[in-house]
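Examination of the molecular architecture
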Amino acid sequence: MAQVSPSSGSIIVADWHRCKDSKEYFSKILHKKRRKNFGLLESPVMPPHVAVDTVHYKIFLSGKSGVGKTALAARLAGLNIPNMHYETTGRPRSMRLWDCGENALRRFDHLLPACKEQVDAVLFLFSFTDRTSFDDLSNQIAKWTGAPVGRVVKLVVGTKFDLFMHCDVAERDVRNFQETWSVPVLRVGGEVSDGLGDVASLLNCLAEHLWHQDCVSARRHSQQETGTVL
């Protein structure tokens, strides 16, 4: 069953991070275009008129080894990207992004159930420079389909999009995949140039789908309560 997706921009202003209204907010979380590091018990100190609620989500990154899961997790969390690649054994990144290596999932049966537990969204990764990682997307998605998983936001992210000379995945293949699976496909490059701006579109899309899912769940819960009262 295809997931129902909100139309892009219907919930979140896509370029809000570039608007004048956002400057006071980002001044509390950015320093020289990079996100400040906060401890587990810390949070940005916002003036009362720009105070915002904090919503916690659990997001899992799925994909073959070497597609860039750890690097993407670091970029989304505002951390430094590791210089050397190694197979991730399986652990949460910044307590919100869960990243687990493909080989670790095969070796340890308990990892995937732990990753699925109370998960809110899954990012299925493939690399534009690795055709096998794109062909494996259907297998990745199949692991997250069915009753035990429940309602989960599903997005596909193509990494290394800027390495045109080494591209193994054509745009027509991406379009066909989107039409077949009805799952949005986002793109990120390997070069980091603008800090938050490099991942803003991905974060906005993810936040939009998560908020839409929350609204749908709240509406369904309200209808169930009304039916019980009646």
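Residues numbered from 1 in each chain as written. Predicted model: local features only at pLDDT ≥ 70, side-chain atom pairs only at ≥ 80, totals over all residues. Heavy atoms only, no water.

Per an unreviewed UniProt entry, the protein is named Ciliogenesis and planar polarity effector 2, and its organism is Dissostichus eleginoides. Its UniProt record gives the protein the following Sequence similarities (unreviewed entry) comment, quoted word for word: "Belongs to the small GTPase superfamily. Rab family." Here is the UniProt Subcellular location (unreviewed entry) comment for the protein, exactly as written: "Cytoplasm, Cytoskeleton, Cilium basal body". (UniProt positions renumbered as here; feature names shortened; annotations may be inferred.)

Moving on: the nonpolar core. The biggest cluster of nonpolar side chains holds 25 residues, and the ones touching the most others in it are I59, L72, L123 and L202. At the level of elements, β3 (59-62), α2 (69-77), β6 (121-127), β7 (153-159) and α8 (196-229) are the ones that each hand at least two residues to this core. Of the residues forming this core, the biggest block, six residues, is contributed by α8. Grouped together as the second largest cluster of nonpolar side chains are 18 residues, F126, F128, W144 and V174 included. (Core = buried A, V, L, I, M, F, W, Y, C linked by side-chain atoms within 4.5 Å. Buried < 20%, exposed > 50% of the residue type's maximum accessible area, 1.4 Å probe, protein only. Helix = DSSP H or I, 4+ residues; strand = E, 2+ residues; numbered from the N terminus.)

Along the chain, the position of E171 falls in helix α7 (residues 171-181). The residues contacting E171, other than those within four sequence positions of it, are F128, F161 and R187. Here R187 takes part through its side chain, which lies 2.9 Å from a polar atom of the side chain of E171. (Contact = heavy atoms within 4.5 Å. Polar contact = N/O pair within 3.5 Å; in protein donor to acceptor, adjacent residues only side chain to side chain.)

With respect to the element layout, Q140 can be found in helix α6 (residues 137-142). In terms of polar contacts, Q140 uses its side chain to reach the side chain of D136, at 2.7 Å. Non-local contacts of Q140, meaning those with residues more than four positions away in its chain, are made with S62, G63, K64 and F124.

Moving on, we get to α7. Taken together, the buried positions of α7 are D173, V174 and F177. One face of α7 carries all of its buried residues, which in axial projection span an arc of 100 degrees. Opposite its buried face, α7 presents the exposed residues R172 and E179, each directed more than 90 degrees away. On its buried side, α7 packs onto β6, α5 (131-135), α6, β7 and β8 (185-187). Just beyond α7, the residue with positive phi is S182, at close to 55 degrees. (Arc of directions from axis to C-beta.)

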